[in-house]
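Understanding the architecture of this molecule
Here is what each chain is made of, one letter per residue.
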Amino acid sequence: MITSLVVTLLLLMAFSGFCIAYWQLLLCRREARILNSHRVAAHSAIQKSRMDLLEVRNRARLLEDSVSGGASAVEKLHKAISNTTFGLIDLFSKDEEFRQTARKARATHDQTSQQIYRTVRTTNKALHILADTLIIGKAEKRLASRKGQKPPGSDHGQ
């Protein structure tokens, strides 16, 4: 009788031990899921920052290419109009002195317009470099400084 009571008591203690171990396992799994969700959220925030930075870079590049392409298109149109105008003056002018003056004016015009379009492209590149330094550089520094800090929502005191 005492033996069966001791055996029953030992079985009950073993069963209680298994129940406590199973409960602890469930708690650990829950904590692991919570921890994993925080890790995924932090990783998603970092990825979002990187994608935002990439988007800013791509927009800046697109803007630079658009201005450069637009300047080239305007320059070609300007050359076509100027070539037509000066060509017609050269073709239909009867006065040789007027033709010589028009040719000098054409040379001056072509040189000046070429310098202006070169200046537009150079200024466009300089503005792109400035924007890259000021805007994108600051965004990269912010992203780099966040890597050294603890992510938001992480509690080391618990």
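Nothing here was measured: the structure is a model prediction, and the numbers come from that model.

Remarks on the overall build of the protein chain
Helix and strand content of the protein chain: two helices and zero strands. Computed over C-alpha atoms, the radius of gyration of the protein chain comes to 38 Å, more than 25% over the 15 Å expected from 2.2 N^0.38 for 158 residues, which places it beyond the range of a compact globule. Buried positions account for 11% of the 158 residues belonging to the protein chain. Across the protein chain, every contact between residues at least 6 apart in sequence was considered, and the portion connecting residues at least 24 apart equals 71%. Of the accessible surface of the protein chain, which amounts to about 13,100 Å², a share of 66% is contributed by carbon and sulfur atoms. Taken as two groups, the 25 positive and 14 negative side-chain charges of the protein chain have centres that lie 10 Å from each other.

Let's talk about the confidence of the model for the protein chain
Across the protein chain, the average pLDDT comes to 86, with 91% of residues at or above 70. Note that residues 153–158 has pLDDT below 50 and, in this model, one contact with residues that lie over four places away or in other chains.

Some remarks on the environment of Val-40
For Val-40, the position within the fold is in helix α1 (residues 2–92). Classification of Val-40 as partly exposed rests on a relative accessible area of 41%.

Overview of the pattern of salt bridges
Under the defined criterion, the tally for this structure stands at eight salt bridges. A salt bridge links Asp-52 to Lys-48, with the shortest nitrogen-to-oxygen separation between them at 2.9 Å. Here Asp-52 and its partner Lys-48 are both found in helix α1, four residues apart, which amounts to about one turn of the helix. Assessed through its relative accessible area of 35%, Asp-52 is described here as partly exposed. A salt bridge links Arg-99 to Glu-96; its shortest N-O distance comes to 3.5 Å.

A look at a nonpolar patch on the surface
There is a patch of nonpolar side chains on the surface, built from Met-1, Ile-2, Val-6, Leu-9, Leu-10, Leu-12 and Met-13 and spanning about 820 Å² of accessible area. Examined against the element boundaries, Leu-9 turns out to sit in helix α1.

Considering α1
Over its 91 residues, α1 runs 132 Å from end to end, which matches the ideal 135 Å to within 8%, given 1.5 Å per residue. Ser-49, Leu-53, Ala-60, Glu-64, Ala-71, Glu-75, Ser-82 and Phe-86 are the residues of α1 that are buried.

Some details on the side chain of Ser-49
Structurally, Ser-49 can be placed in helix α1. Among the polar contacts listed, one links the side chain of Ser-49 to the backbone oxygen of Ala-45, at a separation of 2.9 Å.

Points about the environment of Leu-127
Here Leu-127 lies in helix α2 (residues 96–148). Leu-127 sits 31 residues away from Glu-96 along the chain, and the two C-alpha atoms are 46 Å apart.

Thresholds applied
- Residues numbered from 1 in each chain as written.
- Predicted model: local features only at pLDDT ≥ 70, side-chain atom pairs only at ≥ 80, totals over all residues.
- Heavy atoms only, no water.
- Helix = DSSP H or I, 4+ residues; strand = E, 2+ residues; numbered from the N terminus.
- Rg over C-alpha atoms; globule rule 2.2 N^0.38 Å.
- Buried < 20%, exposed > 50% of the residue type's maximum accessible area, 1.4 Å probe, protein only.
- Contact = heavy atoms within 4.5 Å.
- Areas by Shrake-Rupley, 256 points an atom, 1.4 Å probe, with all protein chains shown as cover.
- Lys, Arg positive; Asp, Glu negative; His and termini not counted.
- Charge placed at Lys NZ, Arg CZ, Asp CG, Glu CD.
- pLDDT = per-residue confidence, 0-100.
- Salt bridge = Lys/Arg side-chain N within 4 Å of Asp/Glu carboxyl O.
- Patch = residues over 30% accessible without salt bridge, like charges linked within 9 Å, V, L, I, M, F, W, Y side chains within 5 Å.
- Expected span 1.5 Å × (residues − 1).
- Polar contact = N/O pair within 3.5 Å; in protein donor to acceptor, adjacent residues only side chain to side chain.

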